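# Observations on the model geometry
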Amino acid sequence: MSDVPEVVGPTIRPRRLRTTPALRRMVAETSVEPRQLVLPLFVREGITEPVPISSMPGVVQHTRSSLLGAVSEAAELGLGGVMLFGVPTEKDAVGSGATDPNGVLNLAITDVVGEVGDALTVMSDLCLDEFTDHGHCGLLTPDGRVDNDRTLAAYADMARAQAHAGVDMVGPSGMMDGQVAVVREALDAAGHADVSILAYSAKYASAFYGPFREAVDSSLEGDRRTYQQDTPNAVEGVREALLDVAEGADIVMVKPALAYLDVIRRVRDAVDVPVAAYNISGEYAMVEAAAARGWIDREPAILETLTSIRRAGADVVLTYWAAEAARLLRR
């Protein structure tokens, strides 16, 4: 007779629903689909070949020509959209290249819309930081502070310029108080009521933006803590999102994504418009660096990362992996 006691198995076995890949797919609570992904793209003035970004392996500063190939691929892959950032050759204190019809970003918008039509949502960053010689997101007072209300007037001009260039959706990202209301009013008054607004509502003063600053050749000295959100504050993130909805935002966004998954969830529960999240450069770079050293399995890590952002409540994810993830999801 065996001395081993008889084991009475459980009646309820959650593992049953994990038995096969087909069963796991059937009961999956969260999905990532290409239509939910937006690919950020950088277009740089004055170059003849794409320029690799060293801190973001696989990402480049595009020429106007190479940009068209990237957006064509994005459309073929079924992505939801692209977010365009301009990198000018000349900068000044007021970011005049942002409103110049012949500025690199406005020209790129027209190029991309002409290439893909309505196969993609063409989005553009509406901020001055890429265009100012001081690298801040707004105009400065004589003592070096960011002047909120003068900056709003510049954002209105920038919104009109981007709409005239043909953009589908503008992304005011400077975290100025009242920016969504001013941009909405400017667009409507200029006959662009159909241009929508993706509001960077809860944009935090994060340590994870470093690679992005290389990508846009940032001139920033100091930090942006007087206008971007303080990292400990989640309730404030919800308040910012609610203010933007009240001012006319069509989509609200949380940025960064991974360190703020709780904020994504809180915002999703609080608003009645779609919620986006930006899987930013530092988050991308960390995964790429670890994978390059063999410390993690790269492709599953990419999909797990994007799934976590969707699971937190994001309806739309901006990610530098958008095109690659779409190809992985086809398998």
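Here we summarise the structure given alongside this text. Residue numbers restart at each chain and count upward from 1, following the sequence in its written direction. In keeping with the model being predicted, local features are shown solely for residues with a pLDDT of at least 70 and side-chain atom pairs are shown and tallied solely at 80 or more, while totals for entire chains, interfaces and linings include all residues. Water and hydrogen atoms were dropped before computing side-chain values, which therefore reflect all heavy atoms in the structure.

## So, the overall build of the chain
- The way it works is that DSSP assigns letters per residue, a run of H or I at least four long becomes a helix, a run of E at least two long becomes a strand, and they are numbered from the N terminus. A count of helical and extended segments in the chain gives eleven helices and ten strands.
- At 22 Å, the chain has a C-alpha radius of gyration in line with the 20 Å of a compact globule built from 331 residues.
- Along the first, second and third principal axes, the C-alpha atoms of the chain reach 90 × 45 × 35 Å.
- Using a 1.4 Å probe on the protein chains alone, a residue whose accessible area is under 20% of its type maximum counts as buried, one over 50% counts as exposed, and one in between counts as partly exposed. When the 331 residues of the chain are sorted by exposure, 51% land in the buried category. The globule rule used here is 2.2 Å times the number of residues to the 0.38 power, and the radius of gyration it is set against is calculated over C-alpha atoms.

## Comments concerning unusual backbone geometry
- Here the bond from Lys-255 into Pro-256 is cis, since omega is -5 degrees, no more than 30 degrees from zero.
- With respect to the helices, strands and loops of the structure, Pro-256 is situated in the loop between β8 (251-255) and α8 (261-270).
- Positive phi is not limited to glycine here, since Met-175 has a value of about 60 degrees.
- Among the secondary structure elements, Met-175 is positioned in the loop between β6 (169-172) and α5 (179-189).

## Concerning helix α9 (residues 281-292)
- Working rule for helices: expected span equals 1.5 Å times residues minus one. Counted at 1.5 Å a residue, the expected span for α9 with its twelve residues is 16 Å, and the 16 Å between its end C-alpha atoms agrees.
- Most of α9 sits out of view: nine of its twelve residues are buried.
- Turning to α9, its buried residues number three or more, namely Ser-281, Gly-282, Glu-283, Tyr-284, Ala-285, Val-287, Glu-288, Ala-290 and Ala-291.
- At the C-terminal side of α9, Gly-294 shows a positive phi close to 75 degrees.

## Observations concerning helix α4 (residues 148-165)
- Its 18 residues give α4 an end-to-end C-alpha distance of 25 Å, which sits within 8% of 26 Å, the value for a rise of 1.5 Å per residue.
- For α4, the complete set of buried residues consists of Thr-151, Leu-152, Ala-154, Tyr-155, Ala-156, Met-158, Ala-159, Ala-161, Gln-162, Ala-163 and Ala-165.
- Buried-residue contacts for α4 involve α3 (104-116), β5 (121-126), β6 and α5.
- Here a polar contact is taken to be a pair of N or O atoms separated by no more than 3.5 Å, where protein atoms must pair a possible hydrogen donor with a possible acceptor and residues adjacent in sequence count only if both atoms sit in side chains. For α4, the N-terminal capping position is held by Asp-147, with its side-chain oxygen 3.3 Å away from the main-chain nitrogen of Asp-149.
- Positive backbone phi, approximately 115 degrees, marks Gly-166, located one or two places after α4. The contact criterion used is simple: two residues touch if any of their non-hydrogen atoms lie within 4.5 Å.

## Here's the deal with the side chain of Ser-281
- Locating Ser-281 in the fold gives a position in helix α9.
- Here Ser-281 falls in the buried class, since its relative accessible area comes to 1%.
- From its side chain, Ser-281 meets the backbone oxygen of Phe-208 in a polar contact 3.5 Å long.
- Within the structure, the side chain of Ser-281 is placed 3.0 Å from the backbone nitrogen of Phe-212, a separation counted as a polar contact.
- When near neighbours in sequence (up to four residues on either side) are disregarded, Ser-281 contacts Met-56, Phe-208, Tyr-209, Gly-210, Pro-211, Phe-212 and Tyr-320.

## Side note on the pattern of salt bridges
- Counted as salt bridges are all cases of a side-chain nitrogen of Lys or Arg within 4 Å of a carboxyl oxygen of Asp or Glu. Following the criterion strictly, the structure yields 13 salt bridges and no others.
- In this structure, Arg-298 engages Glu-324 in a salt bridge whose closest nitrogen and oxygen atoms are separated by 2.5 Å. A residue pair is termed long-range when its members are at least 10 positions apart, and Arg-298 in helix α10 (residues 298-312) and Glu-324 in helix α11 (residues 322-330) qualify at 26 residues.
- Among the residues examined, Arg-298 registers a relative accessible area of 24% and is labelled partly exposed.
- Glu-324 sits in the buried class, given a relative accessible area of 19%.
- In this structure, a network of salt bridges that share partners links the residues Arg-184, Asp-188 and Asp-250.

## Observations concerning the environment of Glu-185
- When you line up the elements, Glu-185 lands in helix α5.
- Sequence separation of Glu-185 and Ala-241 is 56 residues, and the distance between their C-alpha atoms is 18 Å.

## Focus on a nonpolar patch on the surface
- Taken together, the side chains of Leu-17, Met-26 and Val-27 define a hydrophobic patch exposed on the protein surface, amounting to about 290 Å² of accessible area.
- Tracing the chain through its elements places Val-27 in helix α1 (residues 21-27). Only residues whose relative accessible area exceeds 30% and that form no salt bridge enter a patch; like-charged residues are grouped when within 9 Å of one another, and nonpolar side chains (Val, Leu, Ile, Met, Phe, Trp, Tyr) when within 5 Å. Computed with a 1.4 Å probe, the accessible areas rest on the Shrake-Rupley method; for each residue, only the protein chains presented here act as cover.

## A few points about the packing of α10 against α11
- At a closest axis distance of 11 Å, the pairing of α10 and α11 adopts a crossing angle of 105 degrees. The pairing of α10 with α11 is recorded here as roughly perpendicular in orientation. In this structure, α10 uses Arg-298, Glu-299, Ile-302, Leu-303 and Leu-306 to contact α11, whose residues at the interface are Glu-324, Ala-325, Leu-328 and Leu-329.
- Note on residue classes: Ala, Val, Leu, Ile, Met, Phe, Trp, Tyr, Cys and Pro are nonpolar, Asp, Glu, Lys and Arg are charged, and everything else, Gly too, is polar. Residues belonging to the contact of α10 with α11 are distributed by class as follows: six nonpolar, no polar and three charged. Fitting a line to C-alpha atoms yields each axis, with helices limited to the stretch in contact; the angle taken between N-to-C directions then spans 0 to 180 degrees. In these notes the angle categories are as follows: under 35 degrees is roughly parallel, over 145 is roughly antiparallel, 65 to 115 is roughly perpendicular, and the rest is oblique.

## A word on a positive patch on the surface
- Positive residues here are Lys and Arg, negative ones are Asp and Glu, while His and the chain termini are left out of the count. Lysine's charge is taken at NZ, arginine's at CZ, aspartate's at CG and glutamate's at CD. Positive charge collects at one region of the surface, where Arg-13, Arg-15, Arg-16 and Arg-18 lie side by side.
- Looking at where Arg-18 falls in the secondary structure, it is placed in the segment before α1.

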